[in-house]
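Structural description and commentary
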Amino acid sequence: MWWLSDPLDLHRIEDRVSSLYVEKSHVDRADNAVVIVNKQRTVRVPAAFVATLLLGPGTRITSGAVRLLADSGTAVCWVGDRGVRMYAAGLGPARGSGLLLRQAYLVTRTKERLGVARRMYAKRFPDDDVATATMQQLRGREGARIKKVYRAHADRTGVPWNRRVYSPGDPFAAGDDINRLLSAGHSCLYGICHAAIVGIGASPALGFVHTGAAISFVLDIADLYKADYTIPLAFDLAAAGHTDERDIRTAFRDKVADGHLMARIVHDIKDLLVDGDSSTPDEDCLHLWDEVDGEVPGGVNWAVDLADGWDDLISLGITGPDLPQTSPPF
């Protein structure tokens, strides 16, 4: 029975539900189950059945539940409504560092990095062959594509459109109503992409097209979905006279409430980074790095023979005095 099983014996990452969103509830632990309690119902969830637990507004969680989720390899992310803000995150479900190392390998080699960037653009240009395109050519195609998308939605909705205006650091202060809606909507999309990236054990900072920011990879991934989600939504709201940030945040929340976008993001990230390579492990596979052999087993005493001169090695420690026993202040 799953609630009496060792959580690490349960579902591998690819067999899990990609995310579970919880709001206005109390999250606790009972055996190996996460128990979600609110005024309407109580739900027991196998801890290792979910890849990422998204904790939305009005949620509180016990330390016992957090420990169980960590032991089960389930990421915990503190988010806004339906994940449209990303505030903080705990451990990811990938107990091994395989996906992160793969990402670092790809992003630090020009040929491989360009290959990932081309696959990103190929998802946006499914009818074009970008196998030999340079980054300059890809940026030019993307610029032309996104201008066409903006113009098409402006013509469809009748919303006046001049150009995209964005002020770094203050995205809602610059531009007209449609630009402010676009900035707010993109911010919501970044939150979901950030939660997905952290949830599967990748780095939000190691981008392939964007670089230099702590969320470079978040921006890379979000660009795959703007034309399908935030851009048409922003123009629809502007046409209806709904121009506040909250308007697009709540509308975007409702649009992604079915969870399909999160699942799509997870699938696309793995497709970009792994690209059919099944050797990238999810499980804990602790090794020690070696400059000759690549890696050697961990958990082994690799001490050299004392004749090599290590017999003079001294172990040091610093210990403070015992604290006096005092009565608690309450």
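Residues numbered from 1 in each chain as written. Predicted model: local features only at pLDDT ≥ 70, side-chain atom pairs only at ≥ 80, totals over all residues. Heavy atoms only, no water.

Our next topic: the sheet that holds strand S2 (residues 26–30). Taken in spatial order, the 4 strands of this open sheet run S4-S3-S2-S6, and their pairing is mixed. At either margin of the open sheet sits one strand with a lone partner, and together these are strand S4 (42–46) and strand S6 (60–61). Bridge analysis of S2 against S6 gives 2 bridges, and the strand direction is parallel. Each bridged residue has a counterpart across the sheet, and for Val 27 the counterpart in S6 is Ile 61. Set on the sheet, helix H1 (residues 63–71) makes contact with S2, strand S3 (33–37) and S6; between it and S2 the angle comes to about 65°. (Pairing = 2+ DSSP bridges. Helix = DSSP H or I, 4+ residues; strand = E, 2+ residues; numbered from the N terminus. Contact = heavy atoms within 4.5 Å. Axes fitted to C-alpha atoms, helices over the stretch in contact; angles between N-to-C directions.)

Now for the pairing of S3. The buried count for S3 comes to 4 of 5 residues, which makes it a mostly enclosed element. The sheet contact formed by S2 and S3 spans 5 bridges and is antiparallel. If you follow Asp 28 over to S3, its bridge partner there is Val 35. What sits between S2 and S3 in their antiparallel hairpin is a turn of 2 residues, with Asp 31 showing a positive phi close to 55°. By the bridge criterion, 5 bridges tie S3 to S4 in an arrangement that is antiparallel. When the sheet's bridge partners are listed, Ala 33 is paired in S4 with Pro 46. The loop that links S3 with its antiparallel partner S4 comprises 4 residues. (Buried < 20%, exposed > 50% of the residue type's maximum accessible area, 1.4 Å probe, protein only.)

Let's shift gears to helix H2 (residues 98–107). Those residues of H2 not exposed but buried are Gly 98, Leu 99, Gln 103, Leu 106 and Val 107. For H2, the buried positions fall inside an angular range of 160° around the axis, keeping them on one side. (Arc of directions from axis to C-beta.)

Counting through the fold element by element, Thr 230 comes out in helix H7 (residues 230–239). By relative accessible area, which is 0% here, Thr 230 ends up buried.

Okay, the packing of aromatic side chains next. In total, this model carries 4 aromatic pairs according to the counting rule given. Judged by centre distance (5.8 Å) and plane angle (65°), the rings of Phe 208 and Phe 217 are edge-to-face. The rings of Tyr 150, Trp 161 and Phe 235 are connected pair by pair, giving a single aromatic cluster. (Phe/Tyr/Trp six-rings, centres within 6.5 Å; stacked < 30°, edge-to-face > 60°.)

Tallied over the full model, the rule gives 11 salt bridges. Two residues, Asp 223 and Lys 226, come together in a salt bridge whose shortest N-O distance is 3.0 Å. Considered together, Asp 223 and Lys 226 belong to a single accessibility category, that of buried residues. Salt-bridge contacts for Asp 254 lead to Arg 253; the nearest nitrogen and oxygen are separated by 3.2 Å. Under the relative-accessibility criterion, Arg 253 is labelled partly exposed at 23%. Here the salt bridges share partners, and the residues they tie into one network are Lys 123, Asp 268 and Asp 271. (Salt bridge = Lys/Arg side-chain N within 4 Å of Asp/Glu carboxyl O.)

Across soluble globular proteins, nonpolar side chains have a tendency to be buried as a group. If you look at the biggest cluster of nonpolar residues, it comprises 57 residues, and the most contacted ones within it are Ile 221, Tyr 225, Phe 252, Leu 261 and Ile 265. Here Ile 221 is in contact with Met 120, Cys 193, Ile 197, Ile 265, Ile 269 and Leu 272, once residues within four sequence places are set aside. By size, the runner-up hydrophobic cluster in this structure holds 13 residues, among which are Val 22, Val 27, Ala 65 and Leu 69. (Core = buried A, V, L, I, M, F, W, Y, C linked by side-chain atoms within 4.5 Å.)

Another aspect to go through is the packing of H2 against helix H3 (residues 110–124). Two elements in contact, H2 and H3, have axes separated by 6 Å at closest approach and are oriented at 105°. Here H2 lies roughly perpendicular to H3, going by the angle between them. Taken together, the residues of H3 that come into contact with H2 (itself represented by Tyr 105, Leu 106 and Val 107) are Glu 112, Arg 113 and Val 116. Partitioning the contact of H2 with H3 into residue classes produces 4 nonpolar, no polar and 2 charged. (Parallel < 35°, antiparallel > 145°, perpendicular 65-115°, else oblique. Nonpolar A, V, L, I, M, F, W, Y, C, P; charged D, E, K, R; others polar.)

Strand order in the open sheet formed by 4 strands is S1-S5-S7-S8, and the pairing between neighbours is mixed. Edge strands, defined here as strands with exactly one partner in the open sheet, are strand S1 (20–22) and strand S8 (86–89). If you compare each strand with its neighbour and ignore which way they point, the axes differ by 25° on average. Taken together, the 3 bridges between strand S7 (residues 75–79) and S8 define a ladder with antiparallel strand orientation. Paired with Trp 78 across the strands is Ala 88, a residue of S8. Each of strand S5 (52–55), S7 and S8 touches helix H5 (residues 177–199); the most contacted strand, S8, lies at about 10° to it.

Let us now look at the side chain of Asp 223. Note on placement: Asp 223 falls in the loop between helix H6 (216–222) and H7. Take Asp 223: its relative accessible area is 16%, and that puts it in the buried class. Residues contacting Asp 223, with those up to four places away along its chain left out, are Arg 124, Arg 145 and His 210.

Looking at the largest pocket, its volume works out to about 610 Å³. Along its surface, the largest pocket is lined by 22 residues, and Tyr 166, His 186, Tyr 190, Leu 219 and Lys 226 are the ones closest to its centre. Looking at the lining of the largest pocket, the elements with two or more residues in it are helix H4 (135–157), H5 and H6. Of the residues forming the lining of the largest pocket, the biggest block, 6 residues, is contributed by H5. Tallied by class, the residues present in the lining of the largest pocket amount to 10 nonpolar, 7 polar and 5 charged. (1 Å grid on protein atoms, 1.4 Å probe; cavity = no way out; pocket = protein on both sides within 12 Å on 5 of 7 lines; lining within 4 Å. Points joined across faces, edges and corners; volume = space filled by probe spheres on them.)

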